[in-house]
Amino acid sequence: MLLAQQLHDLNAPLVAGHEANYHHLSEQLDQRSAASAAAVVAQLRQFQVAVPSWALGTGGTRFGRFPGGGEPRSLEEKIADVALLHQLNGSSNAISLHIPWDIPTDVAGAQQQLAAAGLRIDSMNSNTFQDQPGQAQTYKFGSLASTDAAVRAQAVQHNIECLEYGRQLGALVHTVWLADGSNFPGQQHFRGAYQRTQESLAAIYGALPPDWTLLVEYKPFEPNFYSMVIPDWGTSYALCQAMGPQAQVLVDLGHHLPNTNIEQIVGRLQHFGRLGGFHFNGSMYGDDDLTTGSIKPFQLFLIFNELVDSAQDATVHNPAVAYMIDASHNTKDPLEDLLQSTDNILTAYAKSLLVDRPALQAAQAANDAALAEDLLRDAFLTDVRPLVAEAYRQAGGALRPVAAYRQATHRAGLIAQRGRHALATGL
Ligand code: PSV
Ligand code: MN
Ligand code: MN
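Residues numbered from 1 in each chain as written. Chains lettered and ligands numbered in written order. Predicted model: local features only at pLDDT ≥ 70, side-chain atom pairs only at ≥ 80, totals over all residues.

## What about the overall build of the protein?
Counted only if it meets this: Helix numbers and strand numbers start at the N terminus; a helix is a DSSP run of H or I with at least 4 residues, a strand a run of E with at least 2. C-alpha atoms define the radius of gyration in this analysis, and the globule rule sets the expected value at 2.2 Å times the number of residues to the power 0.38. Buried, partly exposed and exposed are defined by the number of other C-beta atoms within 10 Å of a residue's own C-beta, namely 20 or more, between the two limits, and 12 or fewer respectively, with C-beta atoms placed from the backbone. Here, residue contact means that the backbone-derived C-beta atoms of the two residues sit within 7 Å.
Looking only at helices and strands, the protein features 16 helices and ten strands. The C-alpha atoms of the protein give 22 Å as radius of gyration, which agrees with the globular expectation for 427 residues (22 Å, within 12%). Projected onto its principal axes, the C-alpha positions of the protein cover 65 × 60 × 40 Å. In the protein, buried positions account for 45% of the 427 residues. Put simply, 79% of the contacts in the protein that link residues at least 6 apart link residues at least 24 apart.

Quick look at the structure:
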């Protein structure tokens with residue numbers, strides 16, 4: 001953590017410039033009808049996006065791993081890293097855990113550390129895509145969809161254990177992402193694999209506490225490249241329908257084939273009231289797990305445009321969406337990457353709040369494509385950085401989180417404390 005005085009000193013040289021920019025933008029926005037600067041900042045301050053424990057270290061490729069030093073080696077150190085992020089941006093108030101990488105050894109200590117930093121546990125995540133030392137059955141040919149009943153039972157039991165760890169730490173969400181599938185034509189019986197997955201999920205759902213949500217994440221490729229058992233939102237949706245109202249679909253931005261219209265999927269799932277989770281990342285090709293918004297900021301804006309449209313529509317009854325960043329790679333300092341992702345997410349959200357929605361709806365009703373597109377562009381092309389900075393400032397954070405993190409030489413401190421070769425447990 002940084003000292004409050006340190007943060008104050010880091011902000012001090014930027015305050016006058018920020019206030020001038022904020023004032024200028026406020027005046028501009030007051031001349032439009034959509035939303036005032038203060039109203040957007042208030043919405044930004046509400047928005048929280050969880051950090052997964054596995055994004056705090058380098059990784060992201062199945063080839064080399066090139067750690068930059070000072071990675072968190074324990075759950076305690078992972079919580080400390082997220083506490084720093086939240087201190088800098090006021091928008092990272094939750095951490096997602098992966099079992100067995102994050103099995104809590106000191107539950108009371110973890111609870112205390114979380115409370116002191118204003119953090120909570122977001123989602124528990126099971127791992128049935130790797131074999132662990134000493135495990136009785138192998139997941140080489142799948143887990144919840146396996147043809148072997150003993151493998152399925154082991155995978156179901158593992159998920160139930162995740163619920164128990166999560167219960168101890170106050171989590172209310174469990175996420176299932178399956179690597180199950182096949183690499184070769186004919187290898188797997190499609191209907192049989194689906195049926196077995198549905199039965200396994202029903203067993204996990206049966207153990208779900210009544211106030212929890214079970215999220216089902218889909219992915220069309222990798223590690224299986226001919227077929228994945230849960231490749232698309234339709235399959236996730238059908239599995240959730242079969243389980244019951246506590247099951248929801250999770251959309252991961254990187255889990256789509258190139259050019260998929262993800263914003264339409266978001267709108268469709270919200271219409272069904274089944275969008276429960278969202279994993280942010282950036283991608284050029286597939287599950288690249290790059291910084292969110294680094295490659296396709298307009299797509300990110302269009303997705304937020306759907307989310308805001310649904311949130312402002314009283315006829316939509318979608319539960320609160322669990323937002324998480326799911327990105328991790330070798331090139332950047334992971335904490336800088338997470339700060340940048342959060343910044344890009346808040347930027348896209350702020351822009352979507354500026355859309356003149358009544359005018360857009362009127363243009364849509366009149367089939368005026370040019371005007372509708374212009375209304376979106378007006379919002380997208382507005383420089384909202386002063387609004388995002390103001391949200392950070394009101395939360396007691398840094399006007400420019402990445403710059404503050406660098407100037408505080410925080411990574412050097414972590415390397416001194418944890419070691420140059422400290423490696424986070426994870427992918
Ligand atoms: C694998 O593709 C993956 O990246 C999924 O997106 C999960 O959410 C994540 O790993 C953690 O299990
Ligand atoms: Mn994901
Ligand atoms: Mn992924």
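That was the structure; now back to the text.
## Quick word on the packing of helix α4 (residues 75-89) against helix α5 (residues 107-117)
For clarity, the cut-off: Only the stretch in contact is used when a helix axis is fitted, and all axes are lines through C-alpha atoms; the angle between N-to-C directions ranges over 0 to 180 degrees. Oblique is the label for any angle not covered by the other classes, which are roughly parallel (under 35 degrees), roughly antiparallel (over 145) and roughly perpendicular (65 to 115). Residues are grouped as follows: Ala, Val, Leu, Ile, Met, Phe, Trp, Tyr, Cys and Pro are nonpolar; Asp, Glu, Lys and Arg are charged; every other residue, Gly included, is polar.
Remark: α4 packs on α5, axes separated minimally by 10 Å, with the N-to-C direction vectors making an angle of 5°. By the angle between their directions, the pair α4 and α5 is classed as roughly parallel. Residues L75, E76, I79, A83 and H86 of α4 pack against G109, A110, Q113, L114 and A117 of α5. Tallied by class, residues from the contact of α4 with α5 come to six nonpolar, three polar and one charged.

## With respect to the nonpolar core
The nonpolar side chains of a soluble globular protein tend to be buried, and buried together. Our working rule: For this analysis, nonpolar core means a set of buried Ala, Val, Leu, Ile, Met, Phe, Trp, Tyr and Cys residues linked through C-beta atoms within 7 Å.
Counting 105 residues, the largest nonpolar core has V216, V251 and A350 as its most contacted members. Among the elements that make up this core, the one with the highest residue count is helix α11 (residues 334-353) (nine residues).

## What to know about the UniProt feature "domain: Xylose isomerase-like TIM barrel" (unreviewed entry) in the protein
Condition: UniProt positions are given in the numbering used here, feature names are shortened, and annotations may be inferred rather than shown by experiment.
Annotation from UniProt places "domain: Xylose isomerase-like TIM barrel" (unreviewed entry) at residues 106-288. With 39% helix and 17% strand, residues 106-288 has end C-alpha atoms that lie 34 Å from one another.

## Observations concerning the site of ligand 1
Keep this limit in mind: We count a residue as near a molecule or strand when its backbone-placed C-beta atom lies within 6 Å of that partner.
Taken together, the neighbourhood of ligand 1 is formed by N125, W177, E217, K219, D252, H279, D287 and D326. Residue composition of the shell around ligand 1, grouped by class: one nonpolar, two polar and five charged.

## Let's talk about the sheet that holds strand β4 (residues 173-177)
By definition, the strands of a sheet pair up through backbone hydrogen bonds, in either a parallel or an antiparallel sense. To keep things clear, this is the line we draw: We treat two strands as partners when DSSP finds at least two bridges between them.
Spatially, the eight strands line up as an open sheet ordered β1-β2-β3-β4-β6-β8-β9-β10, and their pairing is parallel. The open sheet has two edge strands, β1 (51-52) and β10 (322-325), and neither has a second partner. The sheet contact formed by strand β2 (residues 94-98) and strand β3 (residues 120-125) spans four bridges and is parallel. Counterpart to H98 in the pairing with β3 is N125. Against the sheet, helix α8 (residues 233-243) makes contact with β6 (213-217) and β8 (247-252), and its axis sits at roughly 165° relative to β8, the strand it touches most.

## Topic: unusual backbone geometry
In this model, I99 is joined to P100 through a cis peptide bond whose omega is 20°. Summarising the element assignment, P100 is placed in the loop between β2 and α5. With an omega dihedral of 5°, the bond running from E222 to P223 counts as a cis peptide bond. The residue P223 is located in the loop between β6 and β7 (227-228) in this model. Here N259, not a glycine, exhibits a phi torsion of approximately 75°, which is positive.

## Re the pairing of β2
Which entries qualify depends on this criterion: Classification remark: right-handed applies to a crossover when, strands pointing away from the viewer, the course from the first strand over the helix to the second runs clockwise.
Counting buried positions along β2 gives five out of five residues, so the element sits mostly inside the fold. Of the two faces of β2, the one lined by A94, S96 and H98 and the one lined by I95 and L97 are each fully buried. Here β1 pairs with β2 via two bridges, running parallel. Pairing of P52 across the sheet is with S96, part of β2. Handedness of the crossover joining β2 and β3 through α5: right-handed.

## Let's talk about the environment of F298
Following the sequence through the fold, F298 ends up in helix α10 (residues 297-311). Along the backbone, F298 and L381 are 83 residues apart, and their C-alpha atoms lie at a distance of 9.7 Å.

## Overview of α4
Because each turn of an α-helix spans 3.6 residues, side chains separated by three or four positions in sequence point in the same direction. To keep things clear, this is the line we draw: One fewer than the residue count of a helix, multiplied by 1.5 Å, yields its expected span.
Taking 1.5 Å as the rise per residue, α4 with 15 residues should run 21 Å; its terminal C-alpha atoms sit 21 Å apart, in good agreement. Burial analysis of α4 places twelve of its 15 residues in the buried class, the great majority of the element. Among the residues making up α4, those that are buried are L75, K78, I79, D81, V82, A83, L84, L85, H86, Q87, L88 and N89. G90 sits one or two residues past α4 and shows a positive phi near 60°.

## Observations regarding the environment of P245
Structurally, P245 can be placed in the loop between α8 and β8. Judged by the 11 C-beta atoms lying within 10 Å of it, P245 is exposed.

## Brief notes about the pairing of β10
Remark: a regular strand shows side chains that alternate across the two faces of the sheet. Across four bridges, strand β9 (residues 275-280) lies against β10 in parallel orientation. Bridge pairing links G277 to A322 in β10.

## Details of the confidence of the model for the protein
How we decide: Confidence scores here are pLDDT values: one per residue, from the predictor, ranging 0 to 100.
In the predicted model, the protein carries a mean pLDDT of 96, and 99% of its residues have values of at least 70. Within the protein, helix α1 (residues 4-11) has the poorest average pLDDT of any element, 94, and helix α7 (residues 190-206) the best, 99. Confidence metrics for the complex model read pTM 0.97 and ipTM 0.98.

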